[in-house]
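# Remarks on the overall topology
The primary structure of each chain is shown beneath.
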Amino acid sequence: MVRPVTSHRMDPILIDPNNHAPEITPDDAWGDAAAWHHGARARMLPAKKSRQDASLPVSVSKHLMGLRLGTDAPIRSSEEASSPLEVHEINGAVVRLVTEVPAVTKVARQFTFHAKRVETSEVRPHQGEGTAWGHSRKQSLRWLLVSSAGVVTLVALGLLLLPWINQANAVRRLPGQDALILESDEPLEDLESLNQMLTFQPAAEQLFRAFATATTVADILPLVRDAKTVLPLIRRHPLPAPLSKAWLPPSDTRWSVFTSHGKPCALLEGSLPNFSTFSACLVLTDNQLLLDWKATTGYGTATFDALKKNLGDPDEIRGKIQKAGFFTAIFPEATYQSYQFVSPTDDQSIWCYARRGEAAQAALDKLFGDGEILTASGEAQKVTLRLEHSPPGALSNQWLVKEMLHQDWITP
């Protein structure tokens, strides 16, 4: 194998102390490369084989062989060394390719001047409209007067014929039918009293404020109506917790007036400091505004808690009543009318039944406007009832309506 020729002498600066080269052996021929070749001729690469030589058989020329490396490689003759290898130098020049199709020559842009068309005064031919289309023309004053007179005549004729046209649709009174006369619901005296009651709201607020802040029964008696009658009842019932003396009715307190059994009454409704509501009933007696204690407190001879258990005295019970549809075997629908009776505080209720055709059922039906034409109203109505215990077999919270004492909670 051919090794490069190197010198045994080296620059001391380039000597690496860590790289110890092996010593030269007798077999190494580094120092005499020419003697190693056994002649002055240098080994050369074989000549390039031509196509003609490749086509010849192997036996034609024994000296034609491939490239061999080693000590036994044949030495080329001087004739073979005369044809050196073809060397192509690679430099930085760029080989540019020329297109076979010649480039298109650009043509300069040509500008053509077009003169502006001169408008002529030619008249455009009409396409269906008249020559006077779009031009206003004056209307004849005579034609306007005749048109106005015709319109007025038609309107007057229609008004004259209107009664004759409506005659066919007029309501005809049957023979024997009396004419209805609309009368005022309230007499004139009651209207004057109601108008007077409208001005009593400030006095009513001060009256209820004194009632709500009272601490003893003696403070309440001058404020209530029929004080001698209700005094025993007030003493049997504990007084509610009094409000502060500084409390005043709120500005949104409602004041409504009405008549009950021919007497002017009023209702003061508002809210208390604990966010509960109050409803104070006031009556004008001998030109003096007084508080109806029973109506204001919703007094009853028995509480709804006791009535639900079929207990208590049912002679005078105040509440809100409305029609219902709850029937049982003891109270069939064919015989009784069902009602729901709600407590004044709206937190408890019982079932009440009035026998159809009796006075109690007729009086309750008047409250709801039940008749042949008008249907019953679904709103609850304030009433004072006298109840009666149900027959055996009924539920504990079912009662009979014996009598409707009066509408509303105010005692006549």
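Placed above this text is the structure.
Residues numbered from 1 in each chain as written. Predicted model: local features only at pLDDT ≥ 70, side-chain atom pairs only at ≥ 80, totals over all residues. Heavy atoms only, no water.

## Observations regarding the nonpolar core
For clarity, the cut-off: Residues enter a nonpolar core if they are buried and are Ala, Val, Leu, Ile, Met, Phe, Trp, Tyr or Cys, with the set joined through side-chain atoms within 4.5 Å. Classification of residues uses two cut-offs on accessible area relative to the type maximum, computed with a 1.4 Å probe and protein chains only: under 20% is buried, over 50% is exposed, and between them is partly exposed. A run of H or I in DSSP becomes a helix once it reaches four residues, and a run of E becomes a strand once it reaches two; helices and strands are each numbered from the N terminus. The contact criterion used is simple: two residues touch if any of their non-hydrogen atoms lie within 4.5 Å.
Membership of the largest hydrophobic core comes to 26 residues, with the highest contact counts inside it found for Met197, Phe208, Phe211, Trp255, Leu268, Leu282 and Trp293. Of all the secondary structure elements, the ones that give two or more residues to this core are helix H6 (201-212), helix H8 (227-236), strand S2 (263-271), strand S3 (277-285) and strand S4 (288-291). For this core, the leading source of residues is H6, giving five residues. Other than its neighbours up to four places away in sequence, Phe211 contacts Ile220, Leu223, Leu291 and Trp293. By size, the runner-up hydrophobic cluster in this structure holds 20 residues, among which are Ala302, Phe304, Trp399 and Met404.

## Considering the packing of aromatic side chains
We apply this condition: Here a pair means two rings of Phe, Tyr or Trp (six-membered ring of Trp) with centres within 6.5 Å. Their orientation is stacked below 30 degrees between planes, edge-to-face above 60, and tilted elsewhere. Charge-over-ring contacts are defined here by two conditions on Lys NZ or Arg CZ: a distance within 6 Å of the ring centre and an angle within 35 degrees of the ring normal.
Per the stated rule, a full pass over the model turns up nine aromatic pairs. Between the aromatic rings of Phe331 and Tyr336, the centroid separation amounts to 5.0 Å while the plane-to-plane angle is 80°, which identifies the pairing as edge-to-face. The pair Phe331 / Tyr336 is uniform in exposure class, with both members buried. Aromatic rings pair up to connect Phe208, Phe211, Trp247 and Phe278 into one cluster. Just above the ring of Trp409 sits the side chain of Lys382; from NZ or CZ to the centre is 4.5 Å.

## Topic: the sheet that holds strand S6 (residues 336-342)
Filter applied, for reference: Pairing between strands is defined by DSSP: at least two bridges between the two strands are required. Note on definitions: angles span 0 to 180 degrees between N-to-C directions of axes, and those axes are lines fitted to C-alpha atoms, for helices only across the stretch in contact.
Spatially, five strands are ordered S5-S6-S7-S9-S8 in a closed barrel, and the strand pairing comes out mixed. When the angles between neighbouring strand axes are averaged without regard to direction, this sheet yields 55°. Direction of pairing for strand S8 (residues 381-389) relative to strand S9 (residues 398-407): antiparallel, over a ladder of seven bridges. The residue of S9 that forms the bridge with Glu388 is Leu400. Across the face of the sheet, helix H11 (residues 359-367) comes into contact with strand S5 (317-323), S6, strand S7 (349-355), S8 and S9 while running at roughly 60° to S9.

## Overview of the pairing of S4
Here S3 runs beside S4; their pairing, made up of four bridges, is antiparallel. Across the sheet, the residue bridging to Leu284 is Leu289, located in S4. As consecutive antiparallel partners, S3 and S4 are separated by two residues, and within that stretch Asp286 has a phi angle of approximately 55°, a positive value.

## Some points on the pattern of salt bridges
We apply this condition: Any Lys or Arg side-chain nitrogen located within 4 Å of an Asp or Glu carboxyl oxygen qualifies as a salt bridge.
For the coordinates displayed, the defined rule picks out nine salt bridges. With its nearest N and O atoms 3.0 Å apart, the salt bridge here joins Asp292 to Arg225. Of the two residues, Asp292 sits in the loop between S4 and helix H9 (293-297) while Arg225 sits in the loop between helix H7 (217-220) and H8, which places them 67 residues apart along the sequence. For Asp292, a relative accessible area of 4% gives the class buried. The exposure class assigned to Arg225 is buried, which follows from its relative accessible area of 8%. Close ionic contact of Lys323 with Asp365 constitutes a salt bridge, the shortest N to O distance being 3.4 Å. Placement of Lys323 in strand S5 and of Asp365 in helix H11 is noted, with a sequence separation of 42 residues between them. Owing to a relative accessible area of 25%, Lys323 belongs among the partly exposed residues under this scheme. Residue classification places Asp365 among the buried positions, given a relative accessible area of 14%.

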